[in-house]
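Here's the letter readout for the chains.
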Amino acid sequence: MKEIIAYEMSFKGEIPRGGDIDCIPFREKYWTEYMRIYNNCFYEMRKALEIEPINFYSDYSQMKDKADSTYLYLQDGVIAGAVSCYGNELDDLIVSKKFQRQGLGQKLLLWGMNRIKEQGYDEIILHAAEWNETAVKLYLKNGFTIKNKEKIC
């Protein structure tokens, strides 16, 4: 495994406008499609950083503890994107390749931020690999600041 630098990022304050989508709670019937999209979204990063397994998800048992905190955005009945909200932490923001470069990542980010704020949290945190420059730029653009930079390995 190569050296991995991760940022812990924090958001406090007024959430920017633009999270005008409706997400639904994850259901097991979406597992196969979710697994494919998730593995596809993180494939290049995991391969470049030599993180094994490169395809993280392979069995529904890996998702069971996360399912209640994961939300899906569907377009025409298929998963366009997803985001997970664990307490005050936003995680696993993914957008299907077919729907990328259309502003959906930002909408999912804002939706997740609003979901966390509705739960009563003042601070929202997330973690992003330095390698994932696109995600880091998105988070910074939407008011997150880098709270901590750490070397994972």
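It should be noted that the structure appears before, not after, this text.
Everything numeric in this text was worked out from a predicted model, so none of it was measured. Here the residue numbers are simple positions, counted from 1 along each chain's written sequence. At least 70 in pLDDT is required for a residue's local features to be given in this predicted model, at least 80 for side-chain atom pairs to be given and counted, and no such filter applies to totals for whole chains, interfaces and linings, which use all residues. With hydrogens and water excluded, all non-hydrogen atoms of the structure serve as input to the side-chain values.

Visitor: Teacher, can you tell me more about the overall build of the chain here?
Guide: The helix and strand labels rest on DSSP assignments: H or I over at least four residues marks a helix, E over at least two residues marks a strand, and numbering proceeds from the N terminus. If you tally the helices and strands in the chain, you get three helices and seven strands. Along the chain, helices and strands appear, N-terminal first, in the series β-β-α-β-β-β-α-β-α-β. In this setup the radius of gyration rests on C-alpha atoms only. A globule is expected at 2.2 Å times the number of residues raised to 0.38. The C-alpha radius of gyration computed for the chain amounts to 15 Å, which stays within 12% of the reference 15 Å derived for 153 residues, consistent with globular compactness. Expressed as lengths along the three principal axes of its C-alpha atoms, the size of the chain is roughly 40 × 40 × 30 Å. Only heavy atoms enter the contact rule, under which two residues are in contact if any of them lie within 4.5 Å. For the chain, the proportion of contacts with a sequence separation of at least 24, taken over those separated by at least 6, is 70%. Entry remark: accessible area of the chain is about 8,600 Å², with carbon and sulfur atoms responsible for 44%. The average position of the 21 basic charges and that of the 23 acidic charges among the side chains of the chain differ by 4 Å. Note that accessible areas follow from Shrake-Rupley with a 1.4 Å probe, and for residues the cover is restricted to the protein chains shown. Positive charges come from Lys and Arg alone, negative charges from Asp and Glu alone, with His and the N- and C-terminal ends not counted. The location of each charge is read from NZ of Lys, CZ of Arg, CG of Asp or CD of Glu.

Visitor: Please explain the environment of A129 as it appears in this structure.
Guide: Mapped onto the fold, A129 is located in strand 6 (residues 123–129). The sequence separation of A129 and M45 amounts to 84 residues, and the corresponding C-alpha distance is 8.7 Å. Here A129 is in contact with I5, A6, M45 and V136, once residues within four sequence places are set aside.

Visitor: Looking at this model, I keep getting lost on the pairing of strand 5 (residues 89–95). Mind explaining?
Guide: Throughout this description, buried means an accessible area under 20% of the type-specific maximum (1.4 Å probe, protein chains only), exposed means over 50%, and partly exposed covers the range between. When you tally the buried positions in strand 5, you get five out of seven residues, the bulk of the element. A pair of strands is treated as paired once DSSP finds two or more bridges between them. Bridge count between strand 4 (residues 78–86) and strand 5: five bridges; the pairing is antiparallel. Within the sheet, the bridge partner assigned to C85 lies in strand 5 and is L90. Between strand 4 and strand 5, which pair antiparallel and follow one another directly, the connecting turn spans two residues, one of which, G87, has a positive phi of 60°.

Visitor: How should unusual backbone geometry be read in this particular structure?
Guide: Backbone geometry follows two general trends: most residues other than glycine have a negative phi, and most peptide bonds adopt the trans configuration. In this structure, P53 follows E52 across a cis peptide bond, with omega equal to -5°. Structurally, the position occupied by P53 is in the loop between helix 1 (31–48) and strand 3 (70–75). Phi at E50 is positive, roughly 55°, even though this residue is not glycine. With respect to the helices, strands and loops of the structure, E50 is situated in the loop between helix 1 and strand 3. Using a relative accessible area of 39% as the deciding quantity, one classes E50 as partly exposed. One non-glycine residue, D76, adopts positive backbone phi at about 50°. Positionally, D76 belongs in the loop between strand 3 and strand 4.

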